[in-house]
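Single-letter residue listing:
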Amino acid sequence: MIVGGGGHGLATAYYLAKNHGITDVAVLEKGWIGGGNTGRNTEIVRSNYLWDEAVWLYEWSLKLWEGLSQDLNFNVMFSQRGVLNLGHTLQDMRDIERRVNANRLNGIDAEVLSKQEVRELVPVLNVSADARYPVLGASFQRRGGTAHHDALTWGLARAASALGVDIVQDCEVTGIRRENGRVAGVDTSRGFIATKRLGVVVAGSSSVLAGMADIRLPIETHPLQAWVSDPIKPVLDTVVMSNAVHAYVSQTDRGEILMGAGIDAYTGYSQRGGLAIVEHAMAAVVELFPIFSRMRMMRQWGGMVDVCPDACPIIGKTPVEGLYFNCGWGTGGYKATPGSGWVFAHTMATGQPHELN
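Note that the coordinates shown come from a computational prediction; the quantities given were computed from them, not determined experimentally.

Criteria and cut-off values
Residues numbered from 1 in each chain as written. Predicted model: local features only at pLDDT ≥ 70, side-chain atom pairs only at ≥ 80, totals over all residues. Heavy atoms only, no water. Helix = DSSP H or I, 4+ residues; strand = E, 2+ residues; numbered from the N terminus. Rg over C-alpha atoms; globule rule 2.2 N^0.38 Å. Contact = heavy atoms within 4.5 Å. Lys, Arg positive; Asp, Glu negative; His and termini not counted. Charge placed at Lys NZ, Arg CZ, Asp CG, Glu CD. Phe/Tyr/Trp six-rings, centres within 6.5 Å; stacked < 30°, edge-to-face > 60°. Lys NZ or Arg CZ within 6 Å of the ring centre and 35° of its normal. Core = buried A, V, L, I, M, F, W, Y, C linked by side-chain atoms within 4.5 Å. Buried < 20%, exposed > 50% of the residue type's maximum accessible area, 1.4 Å probe, protein only.

1. Digging into the overall build of the chain
In step 1: Helices and strands together make up the secondary structure of the chain, namely eight helices and 19 strands.
In step 2: Computed over C-alpha atoms, the radius of gyration of the chain comes to 20 Å, within 12% of the 21 Å expected from 2.2 N^0.38 for 357 residues, which places it in the range of a compact globule.
In step 3: For the C-alpha atoms alone, the extent of the chain along its principal axes is close to 65 × 40 × 35 Å.
In step 4: In the chain, the share of contacts with a sequence separation of at least 24, taken over all contacts with a separation of at least 6, comes to 73%.
In step 5: If the 31 positive side-chain charges of the chain are averaged to one point and the 35 negative ones to another, these points end up 2 Å apart.

2. Quick notes on the packing of aromatic side chains
In step 1: One pass over the full model with this rule turns up eight aromatic pairs.
In step 2: Ring centres of Trp-60 and Trp-342 lie 5.1 Å apart, and the angle between their planes is 80 degrees; this geometry places the pair in the edge-to-face category. Pair noted here: Trp-60 is in helix H2 (residues 52–72) and Trp-342 is in helix H8 (residues 337–350), with a separation of 282 residues, a long-range link.
In step 3: Here Trp-65 and Phe-78 contribute two aromatic rings whose centre-to-centre distance is 5.7 Å and whose plane-to-plane angle is 35 degrees, an arrangement assigned as tilted. Of the two residues, Trp-65 sits in helix H2 while Phe-78 sits in the loop between H2 and strand E4 (83–87), which places them 13 residues apart along the sequence.
In step 4: One aromatic cluster is present, formed by Tyr-14, Tyr-15, Trp-60 and Trp-342 through successive ring pairs.
In step 5: Here Arg-46 stacks its cationic end above the ring of Tyr-49, 4.7 Å away from the centre of that ring.
In step 6: Positioned over the ring face of Phe-192 is Arg-177, at 4.0 Å from the centre of the ring.

3. What to know about the nonpolar core
In step 1: Ile-2 and Trp-65 are the most contacted members of the largest nonpolar core, which has 40 residues in total.
In step 2: Elements with a minimum of two residues in this core: helix H1 (7–20), H2, helix H5 (149–162) and H8.
In step 3: Top element by residues in this core is H2. It accounts for eight residues.
In step 4: Among residues more than four places away in sequence, those in contact with Trp-65 are Val-45, Val-76, Phe-78, Ala-147, Leu-152, Tyr-334, Lys-335, Thr-337 and Pro-338.
In step 5: Counting residues in hydrophobic clusters, the runner-up holds 27 residues, among them Val-135, Ala-247, Val-249 and Ala-281.

Structure, rendered in C-alpha cells:
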C-alpha cells in the first residue's frame, strides 16, 4: 500500500508493478491524484546538483524522464529546453564553476556561459552593466527543461492501473495500526485497510503521517509559491533561474510566463503562501526581464515542501517493520519523480535501500 497519489507515489506503484512484478498494490490519496505538490510547482527538470549522492539520483531520474513518454505510452510533454542558473556576483561565478566542474566529474552535462553567451541565448534578459542584478555569466544544462505535471500524473496513473494497481481517491489516512512492532494496516476515511507493507509519500504532510506511527522526522514544512502571467507569444525558450534573488522563470506551452520563488520563512501547512515573497520575486523578475513589467499576474498557488536539515531526502526503512518513508525533498521533488519512484519501489519490494538511496 502507498499513501500519497502524487507523482512520487504513482511512480512507486508503477515501478513496483513493472520492475518487481508486484501488482497487488493500492495507492491511497486523500484528494485527487496529482492535486498536491505534483500540481503545485514550476515543472523544472534538471540534474546539475553539487553533491555526488544527490547528482547520481537526479541524473538517473533525468535519464528516466528522457524515455518516460515512450515507456508510459503517454506524452508527458517533457521539453529539454535547457536550464540556466545565473551568476550575479564574483562569488556566484566561483560557485557556478565549482558546481559545473563537479557535474563534469560525475559525467553530467554542464557548461559555464559568459555574459555574451547568455545574451545570445536569452535576448530578452537585461544583461546591461548598470542592471540592479548584473549578469556576469551562468551555468547551463542543455538536457534540463520542463515537463507537464498533469500529463505526468495521468501517464503514471494510467500505466500503473493497466498493470493492476488500484488507485483510491478521496481516501484520507487517519491512523497507522501496528502489531508486535510491525505495520498492520491503516485507518482511513473509508474504513480500515490491512497491509503488511506500507510506503508513505505525502511531501509536506510527512511529519503528520510519521506521528501516527510515533516517529519524529527531522523535517520542517514550509509553503512554496508559484504563479503565471496572462499568455503572450513565445519570447523565452529556456528556463532561467537565479538563486541569488530566488526567482525561476520559463514560458509554458500556453504562452504564460511561469514564475516561482523561494520558500516562505515560516513553517505551516498552508497552500497559499505570503504576498511578501511574491512581491520580492516579481520585482526581481521585472529587473531581469524589463519587457515583463506591463504583464498581469493571472493565477497564483502554493505547495507544501518538507525540508531536511541537509536539503537531501529521506528514502528508506523506519523502526516499524514494513513501514517505509519517502520525504524531505524540499524544492527538488518534482524533477526527481521517476527516479524517486524507481528507488523507493526497490526499497519496498526488497526491504533494502537501492544503491542510489
